Amino acid sequence: MDYTGGSPKAEHLCVLVHGLWGNPNHMKNIAKCLRSQYPPDELYMLLAKRNSGSFTYDGIELGGARVCAEIEEEIRSIESRGGKITKLSIIGYSLGGLVSRYAVGLLYAKGILDTLDCMNFVTFASPHLGVRSPLKGWHNHVWNVIGARTLSMSGRQLFTIDKFRDTGRPLLSVLADPASIFMRGLRKFKRHTLYTNIVNDRSAVYYTTGIQKTDPYRRNLENIKVNYLKGCEGVILDPAMPIVPLPKVCRPATFSSVTGLLLRWTKRIPFMVMIAVFVPIGTVAFLCNSVVQTIRSSGRIKQHETGRGSFSIAEYRVPLLIKELRGEVENAYEALNSSQNQDYLATEDEDDDYDMEPEERNLMRRERRLSVPTQPTLALAPYQFEMIRSLDSLNWRKYPVWIHNDRHAHAAIIVRMAKKTFDEGWIVLRHFVDGEFLI
């Protein structure tokens, strides 16, 4: 059954944007849940399709321009059939959340948002702060620099090693600039909601998908008590008070506790063997594929830059800053990404690792003062702290999600495919449709 489209009578257009390596089919269960609540004459749904597969390598800018063009074309198509769109909602998954933020900026700059009631802007497991691992020292150069060069333009932007146009800054930093078209566009939406995995997300970890500078779930889940949201027990945490520290109790090691520890390690042996055998093979395949896809992606980007793409790129080259007026592959990547441990904020002596300007040093000193022992601040870059401060001004409704039954929480959170161990994701989708989506 096709859950997309709708009747020309529908005034509310909802756009769903998939993630890296994805396709519109990844969003079908979100669309299915929405359609179960809202009939075709009440909600019109568009599953963006022009960034499918390897086209997601082409970068957030080009991806956002494609989505913007799709939205414009869909609105015109509906009008040609006698309809009239007056409301807009956008749902982004993973990289699709960042692509959607760029598309929103373009829609704002073109004046389209001025003609619509902007209702919901929602992201599921989207890396708003990029995928740079909070690391210090040489670890940063091994993963955050080399890893950035395996996904063409999208990789450079996700790892924030790019310099976007003439700004001299990473694109994600520009996306979060309070004076940019992107933030001005986002402010028009009545509700901003995000769902973030607290563990087992091998593609985008909690701090970036939850727009946070701390991660209380990274290592010590056994030392905290989790408070679940009423009606979503076992999956969605209460955002008002997600955790309560457990009292520390010193217990001597017993035979049963040692046996239990050994049993847990024994159960992990098959997984560790699989990692040892298949990750090297997958990594080689991933790197080879990355070379091929990077070459192809560069060709597509050049076509658009020279006006030979599927639409005129000049139409989407608008001023970015209002004040200044200027302009097995996936699994291998996830295994490499998830193997990186997070470090915490550097000491003042270690600030030299960042090569910072004086104002950035002052920012880092401020963040260090605010850090508390129970929830130490992660070793983010100065511009990431600025991004958090700016994005939090949107008053996001943040919902932490704990997927227990599958280690691939990144896919399970939206039930990306029919799989029994993804069933916890249905609780997330029902919560979103029943209580978060404004019609």
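Residues numbered from 1 in each chain as written. Predicted model: local features only at pLDDT ≥ 70, side-chain atom pairs only at ≥ 80, totals over all residues. Heavy atoms only, no water.

As annotated in an unreviewed UniProt entry, the chain carries the name Lipid particle protein and comes from Drechmeria coniospora. The UniProt entry for the chain carries the following comment under Sequence similarities (unreviewed entry): "Belongs to the putative lipase ROG1 family." (UniProt positions renumbered as here; feature names shortened; annotations may be inferred.)

A few words now on the overall build of the chain. Counting its secondary structure elements, the chain contains 14 helices and 8 strands. The proportion of buried residues among the 439 residues of the chain is 54%. Accessible surface, the chain: about 19900 Å² in total, of which carbon and sulfur atoms supply 56%. (Helix = DSSP H or I, 4+ residues; strand = E, 2+ residues; numbered from the N terminus. Buried < 20%, exposed > 50% of the residue type's maximum accessible area, 1.4 Å probe, protein only. Areas by Shrake-Rupley, 256 points an atom, 1.4 Å probe, with all protein chains shown as cover.)

Our focus in this paragraph is unusual backbone geometry. Of note in the backbone geometry, Ala-125 takes a positive phi value of approximately 50° without being a glycine. Topologically, Ala-125 is positioned in the loop between strand S4 (117-124) and helix H4 (138-145). One non-glycine residue, Val-415, adopts positive backbone phi at about 50°. Assessed through its relative accessible area of 2%, Val-415 is described here as buried.

Take the packing of helix H2 (residues 60-80) against helix H3 (residues 95-109) next. Their axes nearest at 8 Å, the elements H2 and H3 cross at an angle of 65°. Relative to H3, the crossing made by H2 is right-handed. Across the interface between the two elements, Ile-60, Glu-61, Gly-63, Gly-64, Ala-65, Val-67, Cys-68 and Ile-71 from H2 touch Leu-95, Leu-98, Val-99, Tyr-102, Ala-103, Leu-106 and Leu-107 from H3. Residues that form the contact of H2 with H3 fall into these classes: 12 nonpolar, 2 polar and 1 charged. (Axes fitted to C-alpha atoms, helices over the stretch in contact; angles between N-to-C directions. Left-handed = near helix turned anticlockwise from the far one by under 90°. Contact = heavy atoms within 4.5 Å. Nonpolar A, V, L, I, M, F, W, Y, C, P; charged D, E, K, R; others polar.)

Turning next to the packing of helix H1 (residues 28-37) against helix H14 (residues 424-436). Orientation of H1 relative to H14, taken along the N-to-C sense of each, is 45°, at an axis distance of 10 Å. On the basis of their axis angle, the class for H1 and H14 is oblique. Relative to H14, H1 is oriented so that their crossing is right-handed. The residues of H14 that touch H1, namely those facing Asn-29, Ile-30, Lys-32, Cys-33, Leu-34 and Gln-37, are Trp-426, Leu-429, Phe-432, Val-433 and Asp-434. (Parallel < 35°, antiparallel > 145°, perpendicular 65-115°, else oblique.)

The next subject is the pattern of salt bridges. If the charged atoms of two oppositely charged side chains come close together, the side chains can form a pair. For the structure on display, the rule yields 13 salt bridges. Its salt-bridge partner being Arg-165, residue Glu-61 comes within 3.0 Å of it at the nearest N-O pair. With Glu-61 in helix H2 and Arg-165 in the loop between helix H5 (152-158) and helix H6 (171-175), the pair connects residues that are 104 residues apart, well separated along the chain. For Glu-61, a relative accessible area of 14% translates into the label buried. Judged by relative accessible area, Arg-165 falls into the partly exposed class, the value being 27%. The salt bridge involving Glu-386 is made with Arg-389; its shortest N-O contact spans 3.2 Å. Within this pair, Glu-386 and its partner Arg-389 are both found in helix H12 (residues 382-392), separated by 3 residues, close to a single helical turn. You can call Arg-389 partly exposed: its relative accessible area is 36%. (Salt bridge = Lys/Arg side-chain N within 4 Å of Asp/Glu carboxyl O.)

Taken in spatial order, the 6 strands of this open sheet run S2-S1-S3-S4-S5-S8, and their pairing is parallel. Looking at strand neighbours, the two that pair on one side only are strand S2 (43-47) and strand S8 (397-401), the edges of this open sheet. Neighbour-to-neighbour, the strand axes of this sheet turn through a mean angle of 15°, independent of strand direction. Across 5 bridges, strand S5 (residues 191-197) lies against S8 in parallel orientation. (Pairing = 2+ DSSP bridges.)

Counting residues in hydrophobic clusters, the biggest one holds 60 residues, and the most contacted among them are Leu-13, Ile-71, Leu-88 and Ile-90. Sort the elements by how many residues they give to this core and H3 lands first, with 8 residues. (Core = buried A, V, L, I, M, F, W, Y, C linked by side-chain atoms within 4.5 Å.)

Secondary-structure assignment places Leu-194 in strand S5. Overall, Leu-194 belongs to the buried group, its relative accessible area being 0%. In this structure the C-alpha to C-alpha distance between Leu-194 and Tyr-93, which are 101 residues apart in sequence, comes to 9.8 Å.

A separate point is the pairing of strand S3 (residues 87-93). Here S3 lies mainly inside the structure; 6 of its 7 residues are buried. Inspection of the sheet shows strand S1 (residues 12-17) paired to S3 by 6 bridges, in the parallel sense. Its bridge partner being in S3, Leu-13 is matched across the sheet by Leu-88. The pairing of S3 with S4 spans 6 bridges and is parallel. Within S4, the position partnered with Ile-90 by the bridge is Phe-121. A crossover connection joins S3 to the parallel S4 through H3; in handedness this β-α-β unit is right-handed. (Right-handed = clockwise from strand over helix to strand, strands pointing away.)

Within the element layout of this structure, Leu-237 appears in the loop between strand S6 (224-226) and strand S7 (243-245). Sequence separation between Leu-237 and Asn-227 is 10 residues, and the spatial gap between their C-alpha atoms is 5.7 Å.

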